[in-house]
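Single-letter residue listing:
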Amino acid sequence: QVQLVESGGGLVQAGGSLRLSCAASRMFFSRLVMGWFRQAPGKEREFVAGINSSGDWTYYSDSVKGRFTISRNNAKNTVYLQLNSLKPEDTAVYYCAAGNVHSASYTSYTYWGQGTQVTVSS
């Protein structure tokens, strides 16, 4: 089975940056679509960014477009999320997920990491 472990979260000031990583078990990793989701306190889980299996196609939610960048290194079995120009409203637990189809819906993803906390202060 695919196992995902996120890291890189932390506390930063508004305008700062973080780089999140998601390490995956290597079996079939290069075949999987990867996505990042987040869940803020008292809010529903929301899509952040996605990337296809080869890494040549990415898509983002409107709220993060132009500020966040998703990428992957299949040789290292790792997907990344670069968070720039962070805002307090970006505060959430960030989860990486893996699936077999391109989708912004959490129901389309089969495997999930444990999450990493991102907190942005004013």
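Small disclaimer: the values here were computed from a predicted structure and weren't measured.

So, how was this worked out
Residues numbered from 1 in each chain as written. Predicted model: local features only at pLDDT ≥ 70, side-chain atom pairs only at ≥ 80, totals over all residues. Heavy atoms only, no water. Core = buried A, V, L, I, M, F, W, Y, C linked by side-chain atoms within 4.5 Å. Buried < 20%, exposed > 50% of the residue type's maximum accessible area, 1.4 Å probe, protein only. Helix = DSSP H or I, 4+ residues; strand = E, 2+ residues; numbered from the N terminus. Contact = heavy atoms within 4.5 Å. Disulfide = S-S within 2.5 Å. Phe/Tyr/Trp six-rings, centres within 6.5 Å; stacked < 30°, edge-to-face > 60°.

> What's the story with the nonpolar core in this structure? I'm lost.
Soluble globular proteins tend to bury their nonpolar side chains together. Counting 28 residues, the largest nonpolar core has M34, W36, L81 and Y94 as the members making the most contacts within it. Of all the secondary structure elements, the ones that give two or more residues to this core are β3 (18-24), β4 (33-39), β5 (46-51), β7 (68-73), β8 (78-83), β9 (92-99) and β11 (116-121). Ignoring anything within four residues of it in the chain, the contact list for Y94 reads E6, L20, W36, F37, R38, V48, F68, L81, L83, G115, T116 and V118. Judged by nonpolar contacts, the second largest core, of 6 residues, contains V33, F47, A97 and Y109.

> Explain the state of the cysteines here, please?
Covalent bonding between the sulfur atoms of two cysteines is what defines a disulfide. Following the criterion strictly, the structure yields 1 disulfide and no others. At a sulfur-sulfur separation of 2.0 Å, the disulfide partner of C22 is C96. Taking the sign of the S-S torsion, about 50° here, the bridge from C22 to C96 comes out right-handed. Taken together, the residues span a long stretch of sequence, with C22 in strand β3 and C96 in strand β9 at a distance of 74 residues. Accessibility assignment for this pair places C22 and C96 in one class, buried.

> Quick question: what am I supposed to make of unusual backbone geometry here?
Across residues other than glycine, the phi torsion is negative in most instances, and most of the peptide bonds are trans. Phi is positive for N77, close to 55°, though the residue is something other than glycine. Backbone geometry places S85, a non-glycine residue, at a positive phi of 50°.

> Where do I start with the packing of aromatic side chains in this structure?
The description of an aromatic ring pair uses the distance of the two centres, along with the angle that the planes make with each other. Going through the model one piece at a time under the given rule, you end up with 5 aromatic pairs. Note on F37 and F47: the rings are 5.6 Å apart at their centroids and 75° apart in plane angle, and the pair reads as edge-to-face. Taken together, the residues F37 in strand β4 and F47 in strand β5 connect sequence positions 10 residues apart. Taken individually, F37 and F47 each receive the classification buried, so the pair is uniform in this respect. Here a set of aromatic residues connected by ring pairs shows up, and it is made of F37, F47, Y59, Y109 and W112.

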